[in-house]
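Close look at the chain arrangement
Spelled out from the first residue to the last, the chains are:
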Amino acid sequence: MAVGPGTLPEFYPVAGIKVGIASAGIKKPGRKDIVVFELVPEARVAGIFTRNQFCAAPVVLSRKHLAQGAPRYLLINTGNANAGTGERGMADALRCCEALAAEASVSPDAVLPFSTGVIGEPLPVDKIVKALPEALASAREDRWAEAASGIMTTDTRPKGASVRVDLGGHAVTISGISKGAGMIRPNMATMLGFIATDARIAPDVLQSLASELGDKSFNRITIDGDTSTNDACMLMASGQYDGPEITADSPHLPTLREALRQVYLDLAHAIVRDGEGATKFVTIDVSGAASQQEALDVAYTVAHSPLVKTALFASDPNWGRILAAVGRAGVPDLDLGSLEIYLGDVCLVRNGGRADDYSEDRGQRVMSQEEITIAIDLKRGSVQETVWTCDFSHDYVTINAEYRT
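About the cut-offs
- Throughout this description, residue numbers start from 1 for each chain and increase along the sequence as written.
- Reporting of local features is limited, given that this is a predicted model, to residues whose pLDDT is at least 70; pairs of side-chain atoms are given and counted only at 80 or more, and all residues count toward the totals for whole chains, interfaces and linings.
- Water and hydrogen atoms play no part in the side-chain values, which are based on all heavy atoms of the structure.
- Strands are runs of DSSP state E lasting at least 2 residues, helices are runs of H or I lasting at least 4, and numbering of each runs from the N terminus.
- When a carboxyl oxygen of Asp or Glu lies within 4 Å of a side-chain nitrogen of Lys or Arg, that pair is called a salt bridge.
- For the exposure calls, accessible area comes from a 1.4 Å probe over protein chains only, and a residue counts as buried if that area is under 20% of its type's maximum, exposed if over 50%, partly exposed in between.
- Buried residues of nine kinds, namely Ala, Val, Leu, Ile, Met, Phe, Trp, Tyr and Cys, make up a nonpolar core once their side-chain atoms join them within 4.5 Å.
- The contact criterion used is simple: two residues touch if any of their non-hydrogen atoms lie within 4.5 Å.
- To obtain an axis, a line is fitted to C-alpha atoms, over the contacting stretch when the element is a helix, and the angle between two such axes runs from 0 to 180 degrees between their N-to-C directions.
- Each angle gets one of four labels, with under 35 degrees taken as roughly parallel, over 145 as roughly antiparallel, 65 to 115 as roughly perpendicular, and the rest as oblique.
- By the definition used in this description, the sense in which the near helix is turned from the far one sets the handedness, with an anticlockwise turn below a right angle giving left-handed and a clockwise turn giving right-handed.
- All residues other than Ala, Val, Leu, Ile, Met, Phe, Trp, Tyr, Cys, Pro, Asp, Glu, Lys and Arg, Gly among them, are scored as polar; the first ten of these are nonpolar and the last four charged.

Turning our eyes to something else, we now look at the environment of Val-397. As for its position among the elements, Val-397 is in helix α11 (residues 394-401). For the pair Val-397 and Gly-277, spaced 120 residues apart in the sequence, the C-alpha separation amounts to 8.2 Å.

Rendered as structure tokens:
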């Protein structure tokens, strides 16, 4: 179950970045569960990672290797998170890096590992190592769609985005894939994201873009309020286009930023649309806040309310649940008589209570839609923030009750 058609775009190959796929049989025999990104030597990589203190071994190792030098390979496995695995988990992640490095004749610190799947189980290193030659041999620039399927866990469909943009007469390509459907909450959300461009971007600008765009996309989505141990979102720039390097004062940086922003948003929204058991895609827009934190506190309190989420699933315009969530978000000295709450174009709350022109029929019309906006104007300032979430259905419980079977 998911919201919207969910069809993959036509992926544009990114010059200088190849994608290899293989089957290690980590969880299911024959399933494509290994993805390798092969980067040209001059490529640059930046990224953001989970803030969960129980972060997985591959997260620790990827951070370390990213800081040590120039990555040449990204190695992703699904079916096993290699999280909560202690010292063995670190040794297993390193062994995978060493095996790939040996096959590719690079240093182990040139390999960034990523894992997703069940927490607390030892990584089947032998299976992964055995599949690496196939993954490397199959690497091509046009295998993005297969890679989108190869990184899925409880996802019901692959997720991707791809655009081309003109930077001063030079064509730039951006393609990306993401995975995630449950254990999704900001501070990286269980998600992985890989975005690549053939632009040449200065290292400081690349990291700035990765942090800024990740914060406004993947760190603005939530399915269930759970922050994973394995989240990572990487931005790769191969530098193979024929234009000048993009620096902080480049006149083309705003155009590139906007194109990347759309790819990041498309990939993040695709995760929400494919939330475990989701039937509704919900935008929560908070305006008129006195600070960013205040706006986010209100948005997330509404987004994480089980009562709001189950009402959304039932298409029940039970606006009192939204009002109650706003009221307990911790905003000091909230002026109840000034704020307004909207469901789509229907005003629910005005002057401290139900809006005079509200009717159940009008609320029901909006609640019956697949895509819903809840807008909250606090009337306290000029700050606005948006968070995206989904509903809670019967299937969410079933999926997570049977996840390990």
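There is more to say after this.
Our focus in this paragraph is the pattern of salt bridges. In this structure the tally under the stated criterion is 19 salt bridges. Close ionic contact of Glu-371 with Arg-273 constitutes a salt bridge, the shortest N to O distance being 2.7 Å. Note that Glu-371 is positioned in strand β14 (residues 371-377) and Arg-273 in helix α6 (residues 253-273), a separation of 98 residues in sequence. Overall, Glu-371 belongs to the partly exposed group, its relative accessible area being 41%.

Glancing now at the nonpolar core. Counting residues in each nonpolar core, the largest one holds 41 residues, and the members touching the most others are Ile-195, Ile-201 and Phe-218. It is α6 that contributes the most residues to this core, eleven residues altogether. Non-local contacts of Ile-201, meaning those with residues more than four positions away in its chain, are made with Arg-44, Leu-206, Leu-209, Ala-237, Glu-245, Ile-246 and Leu-256. Grouped together as the second largest cluster of nonpolar side chains are 35 residues, Ile-284, Ile-322, Val-366 and Ile-376 included.

The next thing to look at is the packing of helix α2 (residues 86-104) against helix α3 (residues 125-137). Viewed as axis vectors pointing N to C, α2 and α3 meet at an angle of 25°, and their least axial separation amounts to 10 Å. Looking at the two axes, α2 sits roughly parallel to α3. Considering how the two elements wind past one another, α2 and α3 form a crossing that is right-handed. Two secondary-structure elements touch here, α2 through Asp-92, Arg-95, Cys-96, Ala-99, Leu-100, Glu-103 and Ala-104 and α3 through Val-125, Asp-126, Ile-128, Val-129, Leu-132, Pro-133 and Leu-136. Residues that form the contact of α2 with α3 fall into these classes: ten nonpolar, no polar and four charged.

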